[in-house]
Amino acid sequence: MIEKKFGIIGKPLSHSLSPILHNFWYKKYKIYADYSLIEIEINEIERVIKKIRSKELQGINVTVPYKQAVIPFLDLILDDAKETLSVNTIALNEEEKIVGYNTDVYGFEQGFLKKLNNQNLKNNKVLIIGAGGVTPSIVYALKKKGIKEIYIGNRTFKKAEDIKIKFPFIKIIKWENIEEGARKMDIIINATSLGLKGGNNFKQEFTKTKANLVYYDIIYNPEETIMVKKFRKKNVKSFNGMEMFMYQGQKSFTLWNKINPEFDEEIKQILASKIK
Ligand code: ATR
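Computed from a predicted structure; not experimentally measured.

Rules behind the numbers
- Residues numbered from 1 in each chain as written.
- Predicted model: local features only at pLDDT ≥ 70, side-chain atom pairs only at ≥ 80, totals over all residues.
- Heavy atoms only, no water.
- Buried < 20%, exposed > 50% of the residue type's maximum accessible area, 1.4 Å probe, protein only.
- Helix = DSSP H or I, 4+ residues; strand = E, 2+ residues; numbered from the N terminus.
- Contact = heavy atoms within 4.5 Å.
- Pairing = 2+ DSSP bridges.
- Axes fitted to C-alpha atoms, helices over the stretch in contact; angles between N-to-C directions.
- Near = heavy atom within 4 Å.
- Polar contact = N/O pair within 3.5 Å; in protein donor to acceptor, adjacent residues only side chain to side chain.
- Areas by Shrake-Rupley, 256 points an atom, 1.4 Å probe, with all protein chains shown as cover.
- Nonpolar A, V, L, I, M, F, W, Y, C, P; charged D, E, K, R; others polar.

(A) Looking closely at helix H1 (residues 18-28). Turning to H1, its buried residues number three or more, namely Ser-18, Pro-19, Leu-21, His-22, Phe-24, Trp-25 and Tyr-26. Residues of H1 that are buried make contact with strand E1 (4-10), strand E2 (33-39), strand E3 (59-62), helix H9 (242-257) and helix H10 (265-274). Looking one or two residues past H1, Lys-30 carries a phi angle of roughly 50 degrees, positive in sign.

(B) Main features of the sheet that holds strand E7 (residues 125-129). Read across the sheet, 6 strands follow the order E9-E8-E7-E10-E11-E12 without closing on themselves; strand pairing throughout is parallel. The sheet terminates laterally at strand E9 (171-173) and strand E12 (237-239), the two strands that pair on one side only. Along the sheet, successive strands turn relative to each other by an average axial angle of 20 degrees, direction set aside. Summarising the sheet, strand E11 (residues 214-217) and E12 pair through 3 bridges and their orientation is parallel. Residue pairing across strands places Val-214 opposite Lys-237, the latter belonging to E12.

(C) Here's a closer look at the sheet that holds E2. Overall, mixed pairing links the 6 strands, which are arranged E2-E1-E3-E5-E6-E4 in an open sheet. Each having just a single partner strand, E2 and strand E4 (76-77) make up the two edges of the open sheet. Looking at chain direction, strand E5 (residues 89-92) and strand E6 (residues 98-101) are connected through 4 bridges and run antiparallel. If you follow Ile-90 over to E6, its bridge partner there is Gly-100.

(D) Here's a closer look at the environment of Ile-138. Note on placement: Ile-138 falls in helix H5 (residues 135-144). Note on Ile-138: relative accessible area 0%, which makes it buried. The sequence separation of Ile-138 and Lys-166 amounts to 28 residues, and the corresponding C-alpha distance is 13 Å. Not counting residues within four places of it along the chain, the set of residues in contact with Ile-138 comprises Phe-108, Ile-128, Ile-189, Ala-191 and Ile-218.

(E) Representation of helix H4 (residues 104-111) in the model. For H4, the tally of buried residues reaches 6 of 8 residues, placing the bulk of the element in the interior. Restricting attention to buried positions, one finds in H4 the residues Asp-104, Val-105, Gly-107, Phe-108, Gln-110 and Gly-111. The inward-facing, buried residues of H4 contact helix H3 (79-84), H5, strand E10 (187-190), E11 and H9.

(F) Spatial organisation of the site of the ligand. Gly-133, Asn-154, Arg-155, Thr-156 and Lys-159 are the nearest of the 15 residues found near the ligand. Between Asn-154 and the ligand, the recorded distance is 2.6 Å, taken from a side-chain N or O atom to an oxygen atom. At a separation of 3.2 Å, an oxygen atom of the ligand approaches a polar backbone atom of Ser-193. When isolated, the ligand has an accessible area of 610 Å², and the protein chains bury 75% of it. Taken together, the residues that form the shell around the ligand break down as 5 nonpolar, 8 polar and 2 charged.

(G) Region of the structure containing unusual backbone geometry. A cis amide bond links Lys-11 with the next residue in sequence, Pro-12, at an omega value of 0 degrees. The residue Pro-12 is located in the loop between E1 and H1 in this model. Following Val-64, the chain continues into Pro-65 via a peptide bond in cis, with omega recorded as 0 degrees. If you check the backbone angles, Phe-206 has positive phi at about 55 degrees while not being a glycine. Inspection of the secondary structure puts Phe-206 in the loop between E10 and E11. Positive phi, close to 65 degrees, is recorded for Asn-235, a residue that is not glycine. Tracing the backbone through its elements, the reader meets Asn-235 in the loop between helix H8 (226-233) and E12. Since its relative accessible area comes to 71%, Asn-235 is described here as exposed.

Everything listed is a geometric property; what it means functionally is a separate question.
Rendered as structure tokens:
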């Protein structure tokens, strides 16, 4: 019998692998819970969050485009959520307060930055392409790592400026200069939806990049975006967003269930089979 209910709010959600990941763990750890997709419009956020207070829902994840929009409906936000003003996990605490957390920062640290541990990151130039919901988490994680030169380029200039209000140390590169700017970077991170299965792709070619470039794509479906393919062909170290996705999910699960679930081969294979 289902005793606890969880879900993810956002729109669109059809591509989300969160139910597969969480329901796998619920089964594995014999917790009688269900995790479902809750695709909603912005004016329905309050109604869904109220279900946390009434204990109809024990926890929710939040994805695009509502990571900021949920904040007014919470009693408090903590830690990385406070630093980024971006919430992807919600739960009721012992004092019955609705709390917003951010597990994307942890996901990015564990799923990407940890792989570069032998690289002296502090003096690296990093370009983040995109100024959507996940960008504040990436900027904050890079800053924590001591990276001094962080650049952002976004099609809509105003959204890059909005990020700069929270993080004044970032430098903005205009969209039309992004390809040229990319040439001096040590790390390029795609935090846009460009490359997503069935969606649009970059028009820029990103040629003449540095020989030591590392490319990171937050997209994990498809497993290799056109950009990842292109860079791998040029022997550029390139990663997709699957591990970030798994680590953010792991931390959410731990916050809700006080169990740190493991990534076994079975779940890795299940997820891999969903993105082929
Ligand atoms: P969000 O609601 O978080 O912004 P999104 O719509 O998936 O989520 O967009 C994420 C990022 O992808 C944004 O930086 C967006 O750029 P804009 O701010 O200009 O909208 C970027 N993006 C999406 N489609 C794009 C495209 N065709 N060209 C360039 N950037 C694009």
